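What follows is the residue order along each chain.
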Amino acid sequence: MGIGPCLQLKKFKRSIILVLTPILLLPLLIFPPPHLQTELACAYTILLMAIYWVSEVVPLAVTALLPLVFYPFLGVVTAKRTSIEYLKDVNVLFLGGLAVAVAVEHWNLHKRIALKVLTFVGAKPRWLLFGFMTTTAFLSMWISNVATTAMMIPIAQAVLEEMTTEPDIEQGGSSKSSSGGSTPPGDSNHKPIVRANSQPRPLTLENSRSDGDKVEFKPIQSSPGSNNYYTSVLQKDINKHSPTEELSNHLVAAVDDGPDASTTALIEEPGFTSTTFNTKLERERKKRKLCKALTICVCYSANIGGTATLTGTGPNLIMAGQFKTTYPHAPEIDFGSWAFFAFPGMVLYLMISWFWLQYLFLDINWSEIFPCFSRNKTKSTEELHAERMIRRQYDDLGVMSFAEKAVLFWFVLLALLWLTRDPGFVSGWGSIPIFKKGYVSDATVAMAITFILFVFPSKRPNFFCCRAKGDDSEPGPVPALLSWNVVQHKMAWNVILLLGGSFAMALGSKQSGLSQWIGQQMTPLHEIDPILANFICCFIVCALTQCTSNTATATVFLPILAELGEVLGVNPLYLMLPSTVITSYAFMLPVSTPPNAIAYSYGHLTMMDMVKAGAFMNVVGIFIAMFSVSVFGGPAFGAFDPCPHWLHSQHCLAQSVANTTLTTVINSTMAS
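Since the model is a prediction, treat every value here as computed from it, not as a measurement.

1. A word on the overall build of the protein
Phase 1 of the analysis: A tally of helices and strands in the protein yields 33 helices and two strands.
Phase 2 of the analysis: Classification of the 672 residues of the protein by burial places 48% in the buried group.
Phase 3 of the analysis: Nonlocal contacts in the protein, meaning residues at least 24 apart in sequence, comprise 76% of its contacts between residues at least 6 apart.
Phase 4 of the analysis: A total accessible area of about 32300 Å² is found for the protein, and carbon and sulfur atoms account for 64% of it.

Structure follows, in structure tokens:
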């Protein structure tokens, strides 16, 4: 077969996988051993879903509906029992959390919070980086990582536009930023730049500047007497010195990043000298690295911040739901206990990431990190312009409206109710005698606040004592903070179906006996040290989540890890908790997570930038996850208790028999 037919087949790759996968898996249904018929029927469904999820031949949410089809037809679980999994308590919790997040986005409260934080940190590059990272991480704890990234990156682009404007242009008064007419790229007609490959580009290009002017980048000529000739001669001289070799290659080769309009203008401007060349080339290098740092820090912070709360990202909820399905008598994983376990690790990881991105793109400057020891308190022109731009964007939001204050109040109240319902170390409000034990959950609180958002007014009522001073408008109804059209448009319904599919998968695996059969096949692994096993599991999950959906990775692997924990004689949570967190630590590729793809689309980052930054981040992430479960997993979930009351593994049964026998022997000895 020639290359042509192969290329034609590649176009139909998705269709081929869609059709051939169920056919190739048919032997599991046609030739099953009599005693494994139900188990292999469940395995057929799970393998089909796993392949469809990894290859994404159909939308993930559509694949999640397959248990509703195959489980009843193959006699694994009844349709009635399977359907219940698609709207469990965890799904309702996620639905309520998303509704509150929609209200925050709808009234632009998240943007006000972000800009307010940035006005405090200032415009020093490394502190600007810190401001963007902390703000993005905090917001992604409550609203989706994608929405957070999509909101923060345009703000970062606007800051970069101010900080990378040529000083001489600014002083001349011809810059748009100095006149206050600059428009953030995210709010204008921004067209993301997606690189198809990393091949060198031709030297004749047209680069669009932020102000709309176009500059032609021409190859350097060698005609004597011209500035271009001087530049080419200077190029040969500079190449002799290693510190500036990278900069000269950046100017002449234009391989990955391509030239800027400002670099082109530098080549052709009159009175060009070697001093101006070195100075401006160094400035260009710093500009490029700042652009990379501010862009990549947003997507990384969104991925990290989502792990700190139970509703922050899908895998957290998948883990909570699957754990409850697999071990129905175990205590639930609630919002407060998860925050106690994951929040400290998130903060530590965020700080390490801040230092790493500084080292990679900005060069660590301890005098700026600790300004109290620095004598230089002055700010550069670029920093002053960036601060004015941030302040201007914040002022453009106007005075905080009644709706924003109301959403902020209900948002804070929801977070407090979640955290204090059952803190663990003290009795929470959920244990008040007026509530029956086990009846109230985090989903109950989420639904209560969601209902209030649909009825609470978005403006101050204009009747009787509620009317504001000076309000002469006629009394009338006021729209609520949320409407169904807004929620219907912004709600991530696909994630709710995806959660339901993962819970149905876990249910089928348990009821069919497949999970028990997998555990029996893992028996030879019982001699592996649990710490080593935990590290291997984290490493495998981390590698897979770089190129597959984090929710799909969590859905497929968490039931296996639960069985492996029983085989190793450890609490299943000891393996499940760090691997769940690791699924969100996907930093190396643009396709790893939607936030990565959004950041990459702006054109500042190359593939190698993400690989270099992400490789270290992934390695550190594995150790952070293991640190979190080692330090906080015990107090939060009892992860070091190998035989809790709800676990009925063979190891626990054997230990129980041994303890009973020992107790009998001791009692008989004492009696005699």
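Once you've had a look at it, read on.
2. Some remarks on unusual backbone geometry
Phase 1 of the analysis: Its identity is not glycine, yet E56 carries a phi of approximately 55°, on the positive side.
Phase 2 of the analysis: Within the element layout of this structure, E56 appears in the loop between α4 (37-55) and α5 (60-63).
Phase 3 of the analysis: Classification of E56 as partly exposed rests on a relative accessible area of 37%.
Phase 4 of the analysis: Its identity is not glycine, yet N108 carries a phi of approximately 65°, on the positive side.
Phase 5 of the analysis: By the element assignment, N108 lies in the loop between α8 (89-106) and α9 (109-121).
Phase 6 of the analysis: Under the relative-accessibility criterion, N108 is labelled partly exposed at 32%.

3. Considering a nonpolar patch on the surface
Phase 1 of the analysis: Taken together, the side chains of L9, F12, I16, L18, V19, L20, I23, L24, L26, I30 and F31 define a hydrophobic patch exposed on the protein surface, amounting to about 1000 Å² of accessible area.
Phase 2 of the analysis: Per element, the largest residue contribution to the nonpolar patch is six residues, and it comes from helix α2 (residues 13-24).

4. Here's the deal with the confidence of the model for the protein
Segments scoring low in pLDDT should not have their predicted coordinates read at a detailed level.
Phase 1 of the analysis: Across the protein, the average pLDDT comes to 77, with 76% of residues at or above 70.
Phase 2 of the analysis: Note that pLDDT drops below 50 for residues 167-263; the model gives that stretch 161 contacts with residues more than four away or on any other chain.

5. A look at the nonpolar core
Looking at soluble globular proteins, one finds that nonpolar side chains tend to be buried together.
Phase 1 of the analysis: Counting 136 residues, the largest nonpolar core has L129, F132, I333, W338, F341 and L357 as its most contacted members.
Phase 2 of the analysis: Examining the composition of this core, we find that 13 residues originate from one element, helix α19 (residues 335-362), more than from any other.
Phase 3 of the analysis: In this structure F132 touches L118, M152, I155, A156, V159, L294, C297 and V298, once residues within four positions along its chain are discounted.
Phase 4 of the analysis: By size, the runner-up hydrophobic cluster in this structure holds 23 residues, among which are Y44, L60, L66 and V76.

6. Overview of the side chain of D334
Phase 1 of the analysis: Inspection of the secondary structure puts D334 in the loop between α18 (314-326) and α19.
Phase 2 of the analysis: Using a relative accessible area of 6% as the deciding quantity, one classes D334 as buried.
Phase 3 of the analysis: Beyond its immediate chain neighbours, meaning those up to four positions away, D334 contacts L310, R421, D422 and D442.

7. A look at the environment of L589
Phase 1 of the analysis: Positionally, L589 belongs in the loop between α29 (572-582) and α30 (594-600).
Phase 2 of the analysis: When the C-alpha atoms of L589 and A615 are compared, they prove to be 9.8 Å apart, with 26 residues separating the residues in sequence.
Phase 3 of the analysis: The contacts of L589, once residues within four sequence positions are left out, are Q546, N596, M607, M610 and V611.

8. Topic: the packing of aromatic side chains
Phase 1 of the analysis: In total, this model carries 30 aromatic pairs according to the counting rule given.
Phase 2 of the analysis: Between W127 and W354, the aromatic rings sit 5.3 Å apart at their centres with planes inclined by 45°, giving tilted as the arrangement. Note that W127 is positioned in helix α10 (residues 125-140) and W354 in helix α19, a separation of 227 residues in sequence.
Phase 3 of the analysis: When the centroid spacing of 5.4 Å and the interplanar angle of 70° are considered together, the rings of W338 and F341 count as edge-to-face. A residue pair is termed a helical-turn pair when its members lie 3 or 4 positions apart in one helix, as W338 and F341 do in helix α19 at three residues. By the burial criterion, W338 is buried, and F341 matches it.
Phase 4 of the analysis: Of the aromatic side chains, those joined through ring pairs into one cluster are F138, W142, F335, F411 and W418.
Phase 5 of the analysis: The residue whose ring lies beneath K88 is F503, and the NZ or CZ to ring-centre distance is 5.2 Å.

9. A word on the packing of α18 against helix α28 (residues 550-568)
Phase 1 of the analysis: Running from N to C, α18 and α28 cross one another at 25°; their axes reach a closest spacing of 9 Å. Classed by the angle they form, the pair α18 and α28 counts as roughly parallel. When the axes of α18 and α28 are compared, the crossing they make is right-handed. Contact residues: G314, P315, I318, M319 and Q322 in α18; N550, T551, A554, T555, L558 and P559 in α28.

10. Let's talk about α29
Phase 1 of the analysis: Of all eleven residues making up α29, eleven are buried, and the element is well covered by its neighbours.
Phase 2 of the analysis: Taken residue by residue, α29 has P572, L573, Y574, L575, M576, L577, P578, S579, T580, V581 and I582 as its buried positions.
Phase 3 of the analysis: In the core, the buried residues of α29 are packed alongside α18, α19, α27 (530-545), α28, α31 (607-631) and α32 (633-637).

Cut-offs used in this document
- Residues numbered from 1 in each chain as written.
- Predicted model: local features only at pLDDT ≥ 70, side-chain atom pairs only at ≥ 80, totals over all residues.
- Heavy atoms only, no water.
- Helix = DSSP H or I, 4+ residues; strand = E, 2+ residues; numbered from the N terminus.
- Buried < 20%, exposed > 50% of the residue type's maximum accessible area, 1.4 Å probe, protein only.
- Contact = heavy atoms within 4.5 Å.
- Areas by Shrake-Rupley, 256 points an atom, 1.4 Å probe, with all protein chains shown as cover.
- Patch = residues over 30% accessible without salt bridge, like charges linked within 9 Å, V, L, I, M, F, W, Y side chains within 5 Å.
- Salt bridge = Lys/Arg side-chain N within 4 Å of Asp/Glu carboxyl O.
- pLDDT = per-residue confidence, 0-100.
- Core = buried A, V, L, I, M, F, W, Y, C linked by side-chain atoms within 4.5 Å.
- Phe/Tyr/Trp six-rings, centres within 6.5 Å; stacked < 30°, edge-to-face > 60°.
- Lys NZ or Arg CZ within 6 Å of the ring centre and 35° of its normal.
- Axes fitted to C-alpha atoms, helices over the stretch in contact; angles between N-to-C directions.
- Parallel < 35°, antiparallel > 145°, perpendicular 65-115°, else oblique.
- Left-handed = near helix turned anticlockwise from the far one by under 90°.

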